[in-house]
Amino acid sequence: MKSTFLLFIAAGAAFCSCGDSVESPDFTVGVPAGLNVAAGETVRFVFGGNPDYITFFSGEDGSDYAASDRYEADIAGMELSCGMRQQYNDTEYLDRQLVYVYASTDFNGDYSAGSLNAATWIPLTGMGANSLPVPVAVSAAAASCSGSVDLGEYVGCDAPFYLAFLYNAPGRANIPAANGGGRYIVRPRVDVTDLRLTKRLADGSLETLDNAATQFGMRPVYELSYNESNFRVTDDGMLFQPVQAVTDPLTGREPDERVWMVSARIDPRKVSPDRGLAIKSAEARLSFYEHSYKKPGEYTATFVATNANLWDSKRCVKQLSITVR
């Protein structure tokens, strides 16, 4: 009796499974106006059939179906760029560099002052032709700069590495009692903005990291700091802002301020897979879709049609070669 009951249950499960399967999508794509278009011209893709879901890959950078399952790529070059603004420039810090930028291939990932100082840090700032510019104030007025540096020259394009920004302001012997006359109670504030790492892939496409918090993984390390509350990482960049300090009774000077912002481990070969755009859901009907290509070139437009439920999924892929002149 027990064997008969189990056989009945298995047969019932098989029956339900078969009933919950989906059919393969019946789907066609065409471009009645032709596959040769001008840059900026709207291309109308006309559909036949009604699949549950349609995803569109234009074939442009970041939307190439051939790269939708790619997580590593050969890198031909890398460039780091950012802007910096230094303000509240006390006279004791004029004509002095306070911010330094480095790269390291041997930092061990332990975010402590001891491990940072034990690592080999390659300077990216300096007077050379391929150096990242940093602000050097010549007056109390704010000083700003922006620029880029070819990282491949320093760390290559294959080995993982770390980036670090160091704010290094030695303590002053005389802290002013109030702002004025080119003197400031606090030491200079530095904002790092538009932080960006651009990877040029071997196929000519670009991969960009531009979020200091989530993509670079920047975090502060306080080697010497009177107060740790005003050093921050945001999506756009970083803030170095010392607070008012008190003279050290032993030295008679203001304490030194030495604070790092250090990235997570960056793997040059790691890239994000290209993503398609979901243009249709099961609740809607779609007879056509329009897209315009901004730059001349050859593009493979790809449409992935899918029928799916909780138990089954089937899809088909339709591709068209678009020439943009």
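What you see is a predicted model, and the numbers here were worked out from it, not measured in a lab. Along each chain, residues carry numbers from 1 onward, in the same order as the chain's sequence is written. Local features in a predicted model are, by the rule used here, given only for residues with pLDDT of at least 70; side-chain atom pairs are given and counted only at 80 or more, and totals for whole chains, interfaces and linings are based on all residues. Based on all heavy atoms of the structure, the side-chain values leave hydrogens and waters out of the count.

**Focus on unusual backbone geometry**
Excluding glycine, most residues fall at negative phi; most peptide bonds, likewise, are trans.
Then, number 1: Although it is not a glycine, Tyr88 adopts a positive phi angle of roughly 60 degrees.
Then, number 2: Helix numbers and strand numbers start at the N terminus; a helix is a DSSP run of H or I with at least 4 residues, a strand a run of E with at least 2. Along the chain, Tyr88 turns up in the loop between strand S5 (75-87) and strand S6 (99-104).
Then, number 3: Phi at Asp95 takes a positive value of approximately 60 degrees, unusual for a residue other than glycine.
Then, number 4: By secondary structure assignment, the location of Asp95 is in the loop between S5 and S6.

**With respect to the sheet that holds strand S12 (residues 219-224)**
Then, number 1: With antiparallel pairing, the 5 strands of this open sheet are ordered in space as S7-S6-S9-S15-S12. At either margin of the open sheet sits one strand with a lone partner, and together these are strand S7 (122-123) and S12.
Then, number 2: For two strands to be treated as a pair, DSSP must find at least two bridges joining them. In terms of strand pairing, S6 meets S7 through 2 bridges, oriented antiparallel. By the bridge assignment for S7, Tyr102 is matched with Pro123.

**Describing the pattern of salt bridges**
Then, number 1: Here, a salt bridge means any Lys or Arg side-chain nitrogen found within 4 Å of an Asp or Glu carboxyl oxygen. All chains considered together, the criterion is met by 15 salt bridges.
Then, number 2: Where Glu290 meets Arg44, a salt bridge forms, and the shortest distance between an N and an O atom there is 2.9 Å. Taken together, the positions of Glu290 in strand S17 (residues 288-292) and Arg44 in strand S3 (residues 42-48) put the pair 246 residues apart, joining distant regions of the chain.
Then, number 3: For the salt bridge of Glu72 with Arg269, the shortest nitrogen-to-oxygen distance reads 3.8 Å. Here Glu72, found in the loop between strand S4 (53-57) and S5, pairs with Arg269, found in the loop between strand S15 (257-262) and strand S16 (277-280); they are 197 residues apart in sequence, far enough to count as distant.
Then, number 4: Sharing partners across several salt bridges, the network here consists of Asp90, Glu92, Arg172, Arg183, Arg187, Glu254 and Glu257.

**A closer look at the environment of His291**
Then, number 1: Within the element layout of this structure, His291 appears in strand S17.
Then, number 2: As a C-alpha pair, His291 and Met238 span 53 residues in sequence and 37 Å in three-dimensional space.
Then, number 3: By definition, residues are in contact when any of their heavy atoms lie within 4.5 Å. If sequence neighbours within four positions are ignored, His291 has contacts with Glu41, Thr42, Val43, Phe45, Phe56, Ser58 and Glu60.
Then, number 4: Side-chain atoms alone can form a polar contact between residues adjacent in sequence; in general such a contact is a pair of N or O atoms within 3.5 Å, and within protein one must be able to donate a hydrogen while the other accepts it. At a separation of 2.9 Å, a polar atom in the side chain of His291 contacts the side chain of Glu60.

**Describing the confidence of the model for the chain**
Then, number 1: Confidence of the predictor at the level of single residues is captured by pLDDT, which takes values from 0 to 100. The predicted model of the chain averages 91 in pLDDT, with 94% of residues at 70 or higher.
Then, number 2: Across the chain, element-level confidence peaks in strand S9 (residues 162-169) with a mean pLDDT of 98 and bottoms out in helix H1 (residues 2-19) with 44.
Then, number 3: Long-range and interchain partners of residues 1-17, a stretch whose pLDDT sits below 50, account for 0 contacts in this model, where long-range means more than four residues apart.

**Some thoughts on the nonpolar core**
Then, number 1: Counting residues in hydrophobic clusters, the biggest one holds 40 residues, and the most contacted among them are Leu80, Met84, Leu151, Leu163 and Phe165.
Then, number 2: Elements with a contribution of two residues or more to this core: S5, S6, strand S8 (143-150), S9, strand S10 (189-201), strand S14 (238-240) and S15.
Then, number 3: The contacts of Leu163, once residues within four sequence positions are left out, are Leu80, Tyr102, Ala103, Trp121, Leu124, Leu151, Phe216, Met218, Met261, Val262, Ser263 and Ile266. Joining through side-chain atoms within 4.5 Å is the link that ties buried Ala, Val, Leu, Ile, Met, Phe, Trp, Tyr and Cys residues into a set, and such a set is a nonpolar core. Burial classes follow relative accessibility: with a 1.4 Å probe on protein chains only, a residue under 20% of its type's maximum area counts as buried, one over 50% as exposed, and anything between as partly exposed.

**Digging into the environment of Ala284**
Then, number 1: By the secondary structure assignment, Ala284 is in the loop between S16 and S17.
Then, number 2: Given the relative accessible area of 34%, Ala284 is considered partly exposed.
Then, number 3: Sequence spacing of Ala284 and Ser313 is 29 residues, and the spatial spacing of their C-alpha atoms is 18 Å.

**Overview of the side chain of Glu254**
Then, number 1: As for its position among the elements, Glu254 is in the loop between S14 and S15.
Then, number 2: Judged by its relative accessible area of 2%, Glu254 is buried.

**Concerning the packing of aromatic side chains**
For any two aromatic rings, the description comes down to two numbers: the centre-to-centre distance and the angle of the planes.
Then, number 1: In this scheme Phe, Tyr and Trp rings, the latter by its six-membered ring, pair at centre separations within 6.5 Å, and the angle between planes marks the pair as stacked below 30 degrees, edge-to-face above 60, and tilted otherwise. Following the criterion strictly, the structure yields 18 aromatic pairs and no others.
Then, number 2: Here a set of aromatic residues connected by ring pairs shows up, and it is made of Phe27, Phe45, Phe47, Phe56, Tyr289 and Phe303.
Then, number 3: The ring of Phe288 is capped by Arg44, whose NZ or CZ atom sits 3.8 Å from the centre of that ring.
Then, number 4: Positioned above the aromatic ring of Tyr111 is the side chain of Arg219, whose terminal nitrogen or guanidinium carbon lies 3.8 Å from the ring centre. Whether a charge lies above a ring is judged from NZ of Lys or CZ of Arg, which has to be within 6 Å of the ring centre and within 35 degrees of the ring normal.

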